[in-house]
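# Report on the structure
Take a look at the letters that make up each chain.
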Amino acid sequence: MKKHLTRILTLVIALALVFSAMACASAQSAILGNAVQYDPAQPVNDGQPISIELWYWTGAANLFQAVADEYSALHPNVTITLVENPWDDYWTKLPLALQGQDGPAIFNVHNSYHENLIGYMAPYDIAVEDLENDFVGVSAHVIDGKVYYTDYGMMTATMYYNKAMWAAAGLTDADIPTTWDSFREVAKKLTIRNDKGELVQAGFSFNGGAQGDVLGMQYQYGQNLFTQDGKVSFNNEAIQTVIQRMKDIYEVDQSGDYNFGNNSGDNFGQGMIAMYLGWGFMHNLLKSNFPDTDFGSFEIPAPSEDVPYAYHRYNGESTFGVNKNASAEQQAVAQDIVRFFLANDALQKQFCLANSVFPAKKSLAADEDILNVSSIAVLANHIDRYIWPGPMPSAVENNMKIALEDIFYNGADISTALQSAEDTCNQELAMGDFVSVEPQYQYAAEAK
Amino acid sequence: MNAIHRRHPLRSSSEVVLRNLVVCGLCCFFILFFLVPIVVAFLGSFHLWNPLKGQYRFNGLTNWKMVFESSLFWRSMGNTFIFAAVAVLARVILGLLLSCALHSKTVRFLSTLRTLYYLPTITPMVAVAFVWKFMYDPQFGLLNQLLGAHINWLFDARYAMTAIVLLTIWKDFGYAVVILLGGLYSLPTDLYEAAGIDGANAAQKFRYMTLPLLKPTILFIVITSLISYFQTYIPVMVLTQGGPGTQTYLASYIIYDQAFVKYNFGYASAISFVLFLIIALLTGLSFRLSGQTEKER
């Protein structure tokens, strides 16, 4: 009897061990993702050792380390070497490295360098429909039926406000402005001048980067940035209205000054200004550089309470690129990493939080942790009303910067300065291959 | 006499081999790092050229035409001339004054002062420019604090170029001081003693002896400074990015902007060659002046 009991006990223990091992194995090999799926149980490179390089620019090493670590844990036969370069160097070295045989198999992409990279990229081994099912904004990235990279997150401009200054001016959450008229009134209340009339605290400032703000606000009036024949349009009524309003905020309302600080982002952190229109990345930058500044965010105001054609433009934070000149084996591993990254919600979330961007992955749109970031949360209601004009070359922002400085600092006439910038910009765009994707915007039919 | 002419100036064959090796090495260096890039850039100026995406398409004289039709380029050339003229003049005058002061026998801590004056010259321009950017800040900047002014140095068209010139003068005057000080030490003292016996005062000695004798050194500084200032772009890149508007665009900044921001290497090459011709012309002119001075002496 005792012998039987021992046998039964041994059998039970053995079965328990087998089941727990099976459970572990199934946990490890659980398929990730929805439409874009990743099966960790599938061997990579037939389980044979292989090394690849992953290139990225300085700023978020921990994110790429996380991708490499998690992937290598699933596939110990793959060695991923991370190569970091400063931003400026990266965009010179990367395209040159991709021309040869020894370039990185996988690399971080920024869409503003699309033209220099696209010729070296291999299309994703993932069906476009699957990508579209999981991510928003994919259609704007489709080239001849293929996707070479897409967005994991959408970054745009939101209004940051200093909470202490807000309270000191007697303002509450109910005063959050939704139109430009109410915004101007709030800005006036937040402005402080001393006895001599000198500005002590600006209600609003756009100094040192207004081109990023202006290139997007014309959408609020239904005006696209590019014409149907592919040219840029600066000198139009919408942009003139936007610039005139900016001038009026300073010159009529006296809520700011062209000479009160030269970098509104830093000046906001330094406590010089109460409101500032900044892009998503500023959220984490302000937190780390100016931890004592308590700030909140609200969505960019619109001309009226009606939902506009688009609130502003967004720029996508891009997914990885795969080097078409890498060996077939390395490309296969790179494609596998891309699939792993796209299917992995935890990694997607990590990347979105680190860059303060609204997730492009639909499954994360209502994620609590992400919506706890104020600059992201304010976009949630209208995220479909932000437009991506395409991977704009730097000529567009550079020429708008010149026009705005001529208007704000050199006293140039708005229309003359915009026309000059438009002419130069179109001359420079003619040297490249840029094509606007504005017509692919969901509400493109509403444009003027 | 004939025998002397026929004799090889080098004594042994090993010296000849060494000479040939050194000359060949230098030739290779210059061909590889100067001649080839110049030829490549010249050919590139006739192409729509972006090496980063492997684009190299012949477009004839388009780039050259664009250069000559660009109002920005000619405005930048005007800015460059003014910038170079003021900076060179200030460098020479400041250099002369300080080197003469240091040359005086009454000055103590000569080595320390010489080192201090030369220190900005050996400091990297990017680092210097960033520090000066803080100094020019309209709210917190040291310059406004010292002057009790409210000037937005980098965004006011009246002051932006002045701000760049001031930085450049501060950064570079030490070079002129050291070179001119070397020149002053090499002047014959017996001439000054003779002039003193003849009753010349200090001002006369400076006007009629020091200045003429230092002329080759001054010309050297003028030529090297002109070449260097016509290629200036770092302070513009760090301080103003050419602004406000295009008020502080210099010719070399356009080249940088076109080549390394907009990747229009063909257009940038065409501008480079126009700038190269202008610098060559100015340098030739300076050498000609220098040659005339030598003949006068």
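Residues numbered from 1 in each chain as written. Chains lettered and ligands numbered in written order. Predicted model: local features only at pLDDT ≥ 70, side-chain atom pairs only at ≥ 80, totals over all residues. Heavy atoms only, no water.

## Concerning the sheet that holds strand 13 (residues 321-323) of chain A
Residue and element names in this part refer to chain A. Using the following cut-off: Pairing between strands is defined by DSSP: at least two bridges between them are needed. We count a stretch as a helix when DSSP gives it H or I for four or more residues in a row; a strand needs E for two or more, and each element gets its number in order from the N terminus. In what follows, residue pairs with any heavy atoms lying within 4.5 Å of each other are defined as contacts. In this analysis an axis means a line fitted to C-alpha atoms, helices contributing only their contacting stretch, and an angle means the value between N-to-C directions, from 0 to 180 degrees.
The five strands are arranged 2-1-3-13-4 in an open sheet whose pairing can be described as mixed. Of all the strands in the sheet, just strand 2 (78-85) and strand 4 (121-122) have a single pairing partner and so form its edges. Set on the sheet, helix 3 (residues 87-99) makes contact with strand 1 (50-57), strand 2, strand 3 (106-107) and strand 13; between it and strand 1 the angle comes to about 140°. Contacts between helix 12 (residues 328-343) and the sheet are confined to strand 1, strand 2, strand 3, strand 4 and strand 13, with strand 1 contributing the most and set at about 55° to the helix.

## Observations regarding the domain arrangement of chain B
Quite often, the size of an interface is put as the accessible area lost when its parts meet. Residues and elements named next belong to chain B. Here is the rule: As annotated, the domain borders come from an automatic or database domain assignment. Buried area counts how much accessible surface, traced with a 1.4 Å probe, disappears from two parts once they are put together, with both parts' losses summed. In the sections that follow, a salt bridge refers to a side-chain nitrogen of Lys or Arg positioned within 4 Å of a carboxyl oxygen of Asp or Glu. Polar contact is defined as a pair of N or O atoms within 3.5 Å, subject to the rule that within protein one atom must be able to donate a hydrogen and the other to accept it, and that residues adjacent in sequence are counted only when both atoms are side-chain atoms.
Considered domain by domain, chain B is made up of domain 1 (2-62) and domain 2 (71-296). Computed over C-alpha atoms only, the centres of domain 1 and domain 2 are separated by 31 Å. Each partner contributes to the interface: domain 1 provides ten residues, whereas domain 2 provides seven residues. Both faces combined, the contact of domain 1 with domain 2 buries some 690 Å², and carbon together with sulfur accounts for 76% of it. When the area that domain 1 buries against domain 2 is broken down by residue, the three leading residues are Ser45, Trp49 and Leu52, summing to 47%. The interface formed by domain 1 and domain 2 holds zero salt bridges in total. In this assembly, domain 1 and domain 2 are joined by one residue pair in polar contact (both at pLDDT 80 or more). Of all the secondary-structure elements, those providing two or more residues to the side of domain 1 that touches domain 2 are helix 2 (13-44) and strand 1 (47-50).

## Re the interface of chain B and chain A
We apply this condition: Lys, Arg, Asp and Glu make up the charged group, whereas Ala, Val, Leu, Ile, Met, Phe, Trp, Tyr, Cys and Pro make up the nonpolar group; the residues left over, Gly among them, are polar.
If you look at the interface, chain B gives 30 residues, while chain A gives 30 residues. Summed over both partners, the interface of chain B with chain A comes to about 2400 Å²; 50% of that surface belongs to carbon and sulfur atoms. It is B:Leu52, B:Lys53 and B:Phe155 in chain B that bury the most area against chain A; as a group they hold 27% of the surface buried on that side. Counting across the chain B and chain A interface gives three salt bridges. The shortest N-O distance in the salt bridge between A:Glu115 and B:Lys53 comes to 2.7 Å. On the surface where chain B and chain A come into contact, there are 15 residue pairs in polar contact (both at pLDDT 80 or more). At the level of secondary structure, the elements contributing two or more residues to the side of chain B that touches chain A comprise strand 1 and helix 12 (251-261) of chain B. Looking at the side of chain B that touches chain A, the element that brings in the most residues is helix 12 of chain B, giving three residues. Per-class residue counts for the side of chain B that touches chain A are 13 nonpolar, 14 polar and three charged.

## Quick word on helix 17 (residues 414-429) of chain A
Stated formally: Multiplying 1.5 Å by the residue count of a helix minus one yields the expected span of that helix. Throughout, exposure labels follow a simple rule: accessible area from a 1.4 Å probe, protein chains only, divided by the maximum for the residue type, with under 20% read as buried, over 50% as exposed, and the rest as partly exposed. Relevant arc is that of directions from the helix axis to the C-beta atoms, nothing else.
Counted at 1.5 Å a residue, the expected span for helix 17 of chain A with its 16 residues is 22 Å, and the 22 Å between its end C-alpha atoms agrees. Buried residues of helix 17 of chain A: A:Ile414, A:Ala417, A:Leu418, A:Ala421, A:Glu422, A:Cys425, A:Asn426, A:Glu428 and A:Leu429, and no others. Taken end-on, helix 17 of chain A shows its buried residues confined to a sector of 155°, consistent with a single buried face. Elements in contact with the buried residues of helix 17 of chain A: helix 9 (237-251) and helix 16 (394-408) of chain A together with helix 12 of chain B.

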